[in-house]
Amino acid sequence: MDDPLVTSFMRVLIMRAIITDFDSHREAIQSVREEVFVNEQCIDRAEEFDEREIHCTHVIVFEGDRAIATGRLDIEQNGRIGRVAVVKEFRGQGVGALVMRTIEQHAQQIAQHRLWFHAQTHAIPFYKKLGYEPYGDEFTEANIPHVTMHKPISAAIPKS
Ligand code: COA
């Protein structure tokens, strides 16, 4: 019989996060964002996949061969994070935090000292737990209420 605790523990063990570009992992990125943003949140596909994709660095979390989460970092927009999404059945297991931590580690490595993004307001507590702070007024994007959030990123400690 499957023990849910053991199943959840095994899942975490076989998850891996990678840093990539859009063209190398287009299908994996699209599958997660189609499921979360287009199907679940009813965001228009043409709006969801924009001209910034090829300029961004992308994070994908895999469980085995399956892409289960993603996010992107736009350095040309001064460290703008976007499109953070975890497939529904994998939420609440630290996968979203893994996406954000992977982006932050990459930002440290490339000396990007501040990260910012437009957060859907329902996700503010998630980002706050990771040290991000909201600022400015609430606004609407893709028919969803948003607020801007940011966090300074400390420099990476050089290896001795
Ligand atoms: N409200 C309060 N706390 C939340 C939360 C919420 N909506 N979502 C996550 N958290 C907390 C978790 O409890 C956890 O806390 P802990 O460290 O004390 O255990 C911490 O934040 C990390 O949560 P995690 O399990 O890594 O989050 P997740 O994998 O469920 O991913 C989202 C969070 C927001 C990325 C995910 O819910 C999602 O993909 N939502 C749909 C897409 C979306 O709205 N993306 C955000 C666009 S701005």
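Quick look at the structure, then. For clarity, every value in this text was computed on a predicted model and none was experimentally measured. (Residues numbered from 1 in each chain as written. Predicted model: local features only at pLDDT ≥ 70, side-chain atom pairs only at ≥ 80, totals over all residues. Heavy atoms only, no water.)

### Quick look at the site of the ligand
Item 1. Near the ligand lie 20 residues; those nearest to it are Val84, Val86, Gly94, Gly96 and Lys129.
Item 2. The backbone of Val84 places a nitrogen or oxygen atom 2.8 Å from a nitrogen atom of the ligand.
Item 3. In the environment of the ligand, an oxygen atom lies 2.9 Å from a nitrogen or oxygen atom belonging to the backbone of Gly92.
Item 4. Protein coverage of the free-state accessible area of the ligand, which is 920 Å², stands at 70%.
Item 5. Broken down by secondary-structure element, the contributors of at least two residues to the shell around the ligand are α2 (26-40), β4 (80-86), α4 (95-109), β5 (114-120) and α5 (124-129).
Item 6. Of all the elements, α5 adds the most residues to the shell around the ligand, at four residues. (Near = heavy atom within 4 Å. Polar contact = N/O pair within 3.5 Å; in protein donor to acceptor, adjacent residues only side chain to side chain. Areas by Shrake-Rupley, 256 points an atom, 1.4 Å probe, with all protein chains shown as cover. Helix = DSSP H or I, 4+ residues; strand = E, 2+ residues; numbered from the N terminus.)

### Quick notes on the packing of aromatic side chains
Item 1. One pass over the structure, following the stated rule, counts four aromatic pairs.
Item 2. Ring geometry for Tyr127 against Tyr132: centres 6.4 Å apart, planes inclined by 80°, an arrangement best described as edge-to-face.
Item 3. For Tyr127, a relative accessible area of 8% corresponds to the buried category.
Item 4. Ring pairs connect the aromatic residues Phe117, Phe126, Tyr127 and Tyr132, which therefore count as one cluster. (Phe/Tyr/Trp six-rings, centres within 6.5 Å; stacked < 30°, edge-to-face > 60°. Buried < 20%, exposed > 50% of the residue type's maximum accessible area, 1.4 Å probe, protein only.)

### Some thoughts on the pattern of salt bridges
Item 1. Within this structure, the stated rule accounts for 14 salt bridges.
Item 2. Put simply, Arg45 and Glu34 hold a salt bridge, and the shortest N to O gap is 2.7 Å. Of this pair, Arg45 sits in helix α3 (residues 45-48) while Glu34 sits in helix α2; the two residues are eleven residues apart in sequence, bridging distant segments of the chain.
Item 3. Judged by relative accessible area, which is 45%, Arg45 ranks as partly exposed.
Item 4. According to the relative accessible area criterion, Glu34 is partly exposed, its value standing at 21%. (Salt bridge = Lys/Arg side-chain N within 4 Å of Asp/Glu carboxyl O.)

### Re α4
Item 1. Here α4 contains 15 residues, and its C-alpha end-to-end distance of 21 Å stays within 8% of the 21 Å for a straight helix at 1.5 Å per residue.
Item 2. Considered for burial, the residues of α4 that qualify are Val95, Gly96, Val99, Met100, Thr102, Ile103, Glu104, His106 and Ala107.
Item 3. In the stretch just after α4, Ala111 is the one whose phi turns positive, near 60°. (Expected span 1.5 Å × (residues − 1).)

### Some remarks on the nonpolar core
Item 1. In this structure, Ile81, Tyr127 and Tyr132 are the most contacted members of the largest nonpolar core, which totals 42 residues.
Item 2. Looking at this core element by element, the count peaks at six residues for α2.
Item 3. Residues contacting Tyr127, with those up to four places away along its chain left out, are Val84, Met100, Phe117, Ala119, Tyr132 and Met149. (Core = buried A, V, L, I, M, F, W, Y, C linked by side-chain atoms within 4.5 Å. Contact = heavy atoms within 4.5 Å.)

### With respect to the pairing of strand β6 (residues 133-141)
Item 1. Across six bridges, β6 lies against strand β7 (residues 144-152) in antiparallel orientation. Bridged to Glu141 within β7 is Ile144.
Item 2. Linking β6 back to β7 in an antiparallel pair, the connection comprises two residues, with Ala142 at a positive phi of about 50°. (Pairing = 2+ DSSP bridges.)

### Thoughts on the environment of Val84
Item 1. Locating Val84 in the fold gives a position in strand β4.
Item 2. Separated by 45 residues in the primary sequence, Val84 and Asn39 have C-alpha atoms spaced 15 Å apart.
Item 3. In this structure Val84 touches Phe37, Thr70, Gly71, Val99, Met100 and Tyr127, once residues within four positions along its chain are discounted.

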